[in-house]
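# What the coordinates show
Chain by chain, the residues:
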Amino acid sequence: MLICGFNKTTLLDYPEHVAATVFLGGCNFRCPFCQNRDLLLNPADFATFTEEDIFNHLKKRRSMLSGVCVSGGEPTIYKNLPDFLARIKDLDYLIKLDTNGTNPDMLKSLYDAHLIDYIAMDIKSGPSDYARVAGFLELEDSIFTASGQNLLKNVRESVDFLINGTDSSRFTYEFRTTVVRELHSLESFREIGTWIKGASRYYLQSYKDSEHVLCPGFHAYSKAELEGFADFLRPMIPSVSLRGVD
Ligand code: SF4
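Described in the following lines is the structure provided in the data block. (Residues numbered from 1 in each chain as written. Predicted model: local features only at pLDDT ≥ 70, side-chain atom pairs only at ≥ 80, totals over all residues. Heavy atoms only, no water.)

## Focus on the site of the ligand
Near the ligand the following residues occur: Cys-27, Phe-29, Cys-31, Cys-34, Leu-40, Gly-73, Asn-100 and Lys-124. Residue classes in the shell around the ligand are distributed as five nonpolar, two polar and one charged. (Near = heavy atom within 4 Å. Nonpolar A, V, L, I, M, F, W, Y, C, P; charged D, E, K, R; others polar.)

Have a look at this one:
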């Protein structure tokens, strides 16, 4: 497990909780707008924390923190993620997992084992455009063996599991889309709205440019344009709201 970042205290990553966030390197997507280019392409170069660093801090700060957010990269590419989360649970923390949804079997087994309390899952775009927006095309002939279609099938399975297979009395999920002017249109949201209709939480996050973006040159929509997408989605997903928009 490559631990490439550790935010010791955050009020932003775990809704309604003071949390710490662990960033794991590596991902099976290549979203061109990804903000974590270094974690994606050279994770070993940035693996500056050991698991013991994390657990020493979590033990020390138990009275101040209530949750741990595990983010990436894509955390579920690590087969030993369940063991890592079990150690966090042993310290009696709530756990939020950020995921692209490509490993539904792991999500289900983590849920069944009560090792996660919150999942935030990315919806990159409507199914017809997923390959382009998640960068599947870049993955052909790469070290990753699953084809783009299998990845999309897995994403669909995770969506279905979160909407229909989880108990809201003990578990929370959200879907979220980073909205990029060059990659998303009203048609994207028509597809997404039909797909995740009835989702309990859905956020539209504005793209933010930075020097760490995988493929520079993208732009954000204005707040008014994002509100227009949210209004369009609301008949299908009443919970939709904007996040991170000034
Ligand atoms: S934005 Fe895409 S490429 Fe970047 S970590 Fe998330 S899923 Fe992976």
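## Comments concerning the pairing of strand β5 (residues 118–122)
Taking burial as the measure, the five residues of β5 include five buried ones, the bulk of the element. Of the two faces of β5, the one carrying Tyr-118, Ala-120 and Asp-122 and the one carrying Ile-119 and Met-121 are both buried. Pairing of strand β4 (residues 94–99) with β5, which is carried by four bridges, proceeds in the parallel orientation. Pairing of Asp-98 across the sheet is with Ala-120, part of β5. Remark: the β4/helix α4 (residues 104–112)/β5 crossover connection has right-handed handedness. (Buried < 20%, exposed > 50% of the residue type's maximum accessible area, 1.4 Å probe, protein only. Helix = DSSP H or I, 4+ residues; strand = E, 2+ residues; numbered from the N terminus. Pairing = 2+ DSSP bridges. Right-handed = clockwise from strand over helix to strand, strands pointing away.)

## Comments concerning the side chain of Thr-102
Summarising the element assignment, Thr-102 is placed in the loop between β4 and α4. Note on Thr-102: relative accessible area 6%, which makes it buried. A polar atom in the side chain of Thr-102 sits 2.6 Å from the side chain of Asn-100. Here Thr-102 is in contact with Asn-28, Phe-29, Glu-74, Thr-76, Leu-151, Asn-154 and Val-155, once residues within four sequence places are set aside. (Polar contact = N/O pair within 3.5 Å; in protein donor to acceptor, adjacent residues only side chain to side chain. Contact = heavy atoms within 4.5 Å.)

## Things to note about the pairing of strand β6 (residues 172–179)
Each regular strand displays side chains that alternate between the two surfaces of the sheet. With six of eight residues buried, β6 is to be regarded as a mostly interior element. Once you follow β6 into helix α8 (residues 186–195) and on to strand β7 (residues 202–206), the crossover reads as right-handed.

## Focus on the side chain of Thr-177
Checked against the element boundaries, Thr-177 lands in strand β6. Taking relative accessible area as the criterion, Thr-177 reaches 0% and is therefore assigned buried. Among the polar contacts made by the side chain of Thr-177, one reaches the side chain of Tyr-202 at a distance of 2.6 Å. What Thr-177 contacts, discounting residues up to four positions off in sequence, is Ile-123, Lys-124, His-184, Phe-189, Ile-192, Tyr-202, Tyr-203, Leu-204 and Gln-205.

## Comments concerning the pattern of salt bridges
A side chain of one charge can pair with a side chain of the opposite charge when the charged atoms of the two come close. This model, assessed by the stated rule, comprises 14 salt bridges. One salt bridge in this structure joins Arg-176 and Asp-98, with 3.8 Å as the shortest N-O distance. Here Asp-98 lies in strand β4 and Arg-176 lies in strand β6, a separation of 78 residues in the sequence. As far as burial versus exposure is concerned, Arg-176 and Asp-98 are alike and both buried. Glu-174 is the salt-bridge partner of Arg-243, the closest N and O atoms lying 2.8 Å from each other. With Arg-243 in strand β8 (residues 241–243) and Glu-174 in strand β6, the pair connects residues that are 69 residues apart, well separated along the chain. (Salt bridge = Lys/Arg side-chain N within 4 Å of Asp/Glu carboxyl O.)

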